[in-house]
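# Summary of structural features
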Amino acid sequence: MIKAILIFNNHGKPRLIRFYQYFAEDMQQQIIRETFHLVSKRDDNVCNFLEGGSLIGGSDYKLIYRHYATLYFVFCVDSSESELGILDLIQVFVETLDKCFENVCELDLIFHMDKVHYILQEVVMGGMVLETNMNEIVAQVEVQNRMEKSEVSLFLDR
């Protein structure tokens, strides 16, 4: 099961935080700092899996991450999840963001947070993977966009 999804930039600034297990807010902040410290100090040519930090569960959990340009995408999972499956899920999530935002960048995550959360909810909900087909995810996002536009046009017609 996925316990947390964290996206932060090269300076450790969180851009998306989603915990699927309850942690108090101060503990969440400590987990974010520890996770950033663990993944940012690793070279780009080493394995993208490592044991979870001491705060989030130690050796019972794994941090699986990818570093794209200025962003780290980190999934904290328990031992029942496949490392390669989660790496593939990260790839699907990033490619979906790329399709929806036409060359996604850090600013898209900042200024379109609601859309990013919607896309994430199409992929993962409650710590369980829902969808891995990028075309299906993009189709659902497009349906959502059409619904939003029709609601706006109804509002403006009044």
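In what follows, the accompanying structure is described. Model, not experiment: these values are computed from the prediction.

This brings us to the sheet that holds strand S1 (residues 2-9). Pairing is antiparallel in the open sheet, where five strands are placed in the order S2-S1-S5-S4-S3. Two strands close off the open sheet at either side, each with one partner strand: strand S2 (14-19) and strand S3 (49-51). Averaged over neighbouring strand pairs, the angle between their axes works out to 20 degrees when direction is ignored. The pairing of S1 with strand S5 (residues 71-78) spans seven bridges and is classified as antiparallel. Pairing of Ile2 across the sheet is with Val77, part of S5. The sheet contacts of helix H4 (residues 113-123) involve S1 and S2, and relative to S2 the element is tilted by about 40 degrees.

Moving on, we come to the environment of Asp60. Within the secondary structure, Asp60 sits in the loop between S3 and strand S4 (61-68). The exposure class assigned to Asp60 is exposed, which follows from its relative accessible area of 52%. The contact partners of Asp60, leaving out residues within four places of it in the chain, are Val77, Asp78 and Ser79.

Right, let's talk about the packing of helix H2 (residues 83-101) against H4 for a bit. Two packed helices can be described by the angle between their axes and the distance between those axes. It is the contact of H2 with H4, at a shortest axis distance of 11 Å, that shows an interaxial angle of 140 degrees. In terms of orientation, H2 and H4 fall into the oblique class. In the packing of H2 onto H4, the handedness of the crossing is right-handed. Two secondary-structure elements touch here, H2 through Leu89, Phe93, Thr96, Leu97, Cys100 and Phe101 and H4 through Lys115, Val116, Ile119, Leu120 and Val123. Broken down by class, the residue content of the contact of H2 with H4 amounts to nine nonpolar, one polar and one charged.

A cluster of nonpolar residues, Leu107, Ile110 and Phe111, forms a patch on the protein surface that exposes about 310 Å² of accessible area. Following the sequence through the fold, Phe111 ends up in helix H3 (residues 106-111).

Moving on, we come to the side chain of Arg18. Its location among the elements puts Arg18 in strand S2. Salt bridges are absent for the buried Arg18, whose nearest opposite-charge side chain, Glu122, sits at 11 Å. Polar side-chain contacts of Arg18 include one of 2.5 Å to the side chain of His117. Among residues more than four places away in sequence, those in contact with Arg18 are Lys3, Ala4, Ile5, His117, Leu120 and Gln121.

In this section: the pattern of salt bridges. Considering all chains together, one arrives at two salt bridges under this definition. As a salt-bridge pair, Glu106 and Arg15 come within 2.7 Å of each other at their nearest N and O atoms. With Glu106 in helix H3 and Arg15 in strand S2, this residue pair connects regions lying 91 residues apart in the sequence. By the burial criterion, Glu106 is buried, and Arg15 matches it. One salt bridge connects Lys62 with Glu83, and the closest N-O pair in it is separated by 3.3 Å. In this pair, Lys62 sits in strand S4 while Glu83 sits in helix H2, placing the two residues 21 residues apart along the sequence. The class for Glu83 is partly exposed, based on a relative accessible area of 27%.

How each quantity is defined
- Residues numbered from 1 in each chain as written.
- Predicted model: local features only at pLDDT ≥ 70, side-chain atom pairs only at ≥ 80, totals over all residues.
- Heavy atoms only, no water.
- Pairing = 2+ DSSP bridges.
- Helix = DSSP H or I, 4+ residues; strand = E, 2+ residues; numbered from the N terminus.
- Axes fitted to C-alpha atoms, helices over the stretch in contact; angles between N-to-C directions.
- Contact = heavy atoms within 4.5 Å.
- Buried < 20%, exposed > 50% of the residue type's maximum accessible area, 1.4 Å probe, protein only.
- Parallel < 35°, antiparallel > 145°, perpendicular 65-115°, else oblique.
- Left-handed = near helix turned anticlockwise from the far one by under 90°.
- Nonpolar A, V, L, I, M, F, W, Y, C, P; charged D, E, K, R; others polar.
- Patch = residues over 30% accessible without salt bridge, like charges linked within 9 Å, V, L, I, M, F, W, Y side chains within 5 Å.
- Areas by Shrake-Rupley, 256 points an atom, 1.4 Å probe, with all protein chains shown as cover.
- Salt bridge = Lys/Arg side-chain N within 4 Å of Asp/Glu carboxyl O.
- Lys, Arg positive; Asp, Glu negative; His and termini not counted.
- Polar contact = N/O pair within 3.5 Å; in protein donor to acceptor, adjacent residues only side chain to side chain.

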